[in-house]
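Close look at the chain arrangement
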Amino acid sequence: MSLTGTPFFLTSLALVILAVVLPLALWGRIPGPPLIRGAARLTMLLFAQITAITVVFVLVNNANNLYDTWGDLLGTDSHVQAAQDLGPDGMGGRQIKNEPRQLQRFRPAEDPRMGSGVRMTDLTGRISGVSGEVYVWLPPQYDDPAYRNKKFPVVELLPGYPGSAKAWFGSLNVGEQLRPMMQRGEIKPFILVAPRTNILTGADTGCVNLPGKANADSWLTVDVRKMVIDNFRAGSAPDSWSLAGYSAGAHCAAKLALSHPDRYRAAVAMSGYNDPALEPDSLAGKDPVRRVASNPLHILKAANTAGRPPRTALYVSGAPGDGYQTGLALRQFAQRPTTVTVRPIAADAGGHTTPVWRNQVPEIFRWLGGQVRA
């Protein structure tokens, strides 16, 4: 039974009802000595507590797309086949131009909450050694004969931690929000790509390469990127590519864009942070060297010191204490051609929650439309 499916939700509700009815019907009718009666009543109370907690978890999980499968929740799924040391560029001495095309089979997304037009594939990363699902949404112009020779810009969508690759299409409703706006010409048509980011059991990779554990950076910036270019009319130049994330995904978006200006032109970071240690489960945050090396502020400062400020545009939004200061710090050290736009969110707007990020979708895509091209 699927963790996010309707049958499991209805079963949970039925068990809650049963947990309420049982004590009402049997509390005074339990036979036997006092010890047996007490044990039976305690069991009914525990059953009621467990079923109530289960329903609350299902509601929260379905609303926020935290865990996709039982394997994600229990940590029994494996998404790492190899984790070699791939070096500073994350390529392991290989050249992407020399890699053969990786054509994939796509099927409609299995979760109807993601809206229409979302397709998915199971990708095995040839460079990273990571495998996982990748969701792709094509703009309404993609199949228009007038656009048959046109390539499209791409946005990689990253969720928080824990988080599902479905989250942007499900919880943030990105496809359904943008489709009519693209049809009216209000927003540039983008290909939207949502790859799996939850690849290790009970840990956030911080979107870095961790030899011996997981090469999350190479998975997102090399394997997923190449697969999209190989299978769709997607631009291949850095000016055609961008990232957008919220919470831990915001940290990843800024970090990856600043680290790889040869792959991405822009990034959106909503309610993020610079120091990866602010996520307690971040493996990058627990490693003293990687904690510094994967901090977007350090990446920016180091590039400036080397005389190579990245040609990267950042859009950072957040409330006071929840991403706003992160953006101000990055903007303080931005040197051309780096640009940082900081968008303050009111403290009473809703906190660190999905509705706050969902409401920003039209605005951030208008901004992205001014930064990237096909």
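Refer to the structure above for everything that follows.
To keep things clear, this report deals only with the structure shown in the data block. (Residues numbered from 1 in each chain as written. Predicted model: local features only at pLDDT ≥ 70, side-chain atom pairs only at ≥ 80, totals over all residues. Heavy atoms only, no water.)

Thoughts on the overall build of the chain
- Scanning the chain for helices and strands turns up 13 helices and 11 strands.
- Relative to its length of 374 residues, the chain is compact, with a C-alpha radius of gyration of 23 Å against a globular reference of 21 Å.
- Sorting the 374 residues of the chain into buried and exposed places 52% on the buried side.
- Residue pairs at least 24 apart in sequence account for 73% of intrachain contacts in the chain once pairs closer than 6 positions are excluded.
- Summed over all atoms, the accessible surface of the chain reaches about 16800 Å², with 57% contributed by carbon and sulfur.
- Taking the 38 positively charged and 28 negatively charged side chains of the chain as two groups, their mean positions are separated by 3 Å. (Helix = DSSP H or I, 4+ residues; strand = E, 2+ residues; numbered from the N terminus. Rg over C-alpha atoms; globule rule 2.2 N^0.38 Å. Buried < 20%, exposed > 50% of the residue type's maximum accessible area, 1.4 Å probe, protein only. Contact = heavy atoms within 4.5 Å. Areas by Shrake-Rupley, 256 points an atom, 1.4 Å probe, with all protein chains shown as cover. Lys, Arg positive; Asp, Glu negative; His and termini not counted. Charge placed at Lys NZ, Arg CZ, Asp CG, Glu CD.)

A look at the sheet that holds strand 8 (residues 241-246)
- The nine strands lie next to each other as 1-2-3-5-4-8-9-10-11, forming an open sheet whose pairing is mixed. The sheet is open, and its two edges are formed by strand 1 (107-108) and strand 11 (339-344), each paired on a single side.
- Bridge count between strand 4 (residues 154-158) and strand 8: five bridges; the pairing is parallel. By the bridge assignment for strand 8, Leu158 is matched with Gly245.
- Its contacts with the sheet put helix 5 (residues 174-183) on strand 3 (131-137), strand 4 and strand 5 (191-195), and the angle it makes with strand 3 is roughly 30°.
- Sheet strands touched by helix 11 (residues 324-332): strand 10 (313-318) and strand 11. Its angle to strand 11, the strand with the most contacts, is close to 155°. (Pairing = 2+ DSSP bridges. Axes fitted to C-alpha atoms, helices over the stretch in contact; angles between N-to-C directions.)

Some details on the packing of aromatic side chains
- One pass over the structure, following the stated rule, counts nine aromatic pairs.
- Arranged with centres 5.5 Å apart and planes meeting at 35°, the rings of Tyr142 and Phe152 form a pair that is tilted. Taken together, the residues Tyr142 in the loop between strand 3 and strand 4 and Phe152 in the loop between strand 3 and strand 4 connect sequence positions 10 residues apart.
- Residue classification places Tyr142 among the buried residues on the basis of a relative accessible area of 10%.
- Considering the side-chain rings of Tyr315 and Trp367, the 5.4 Å spacing of their centres and the 55° angle between planes classify their relative orientation as tilted. Of this pair, Tyr315 sits in strand 10 while Trp367 sits in helix 13 (residues 361-369), placing them 52 residues apart in sequence.
- Accessibility expressed as a relative area gives 4% for Tyr315, which makes it buried.
- Given the relative accessible area of 13%, Trp367 is considered buried. (Phe/Tyr/Trp six-rings, centres within 6.5 Å; stacked < 30°, edge-to-face > 60°.)

Brief notes about the state of the cysteines
- Tallied over the full model, the rule gives one disulfide.
- At a sulfur-sulfur separation of 2.1 Å, the disulfide partner of Cys207 is Cys252. As the torsion about the S-S bond is roughly 95°, the Cys207-Cys252 disulfide counts as right-handed. You can see Cys207 sitting in the loop between strand 5 and strand 6 (209-210) and its partner Cys252 sitting in helix 7 (residues 248-259), a full 45 residues away along the chain. The same class applies to Cys207 as to Cys252, namely buried. (Disulfide = S-S within 2.5 Å.)

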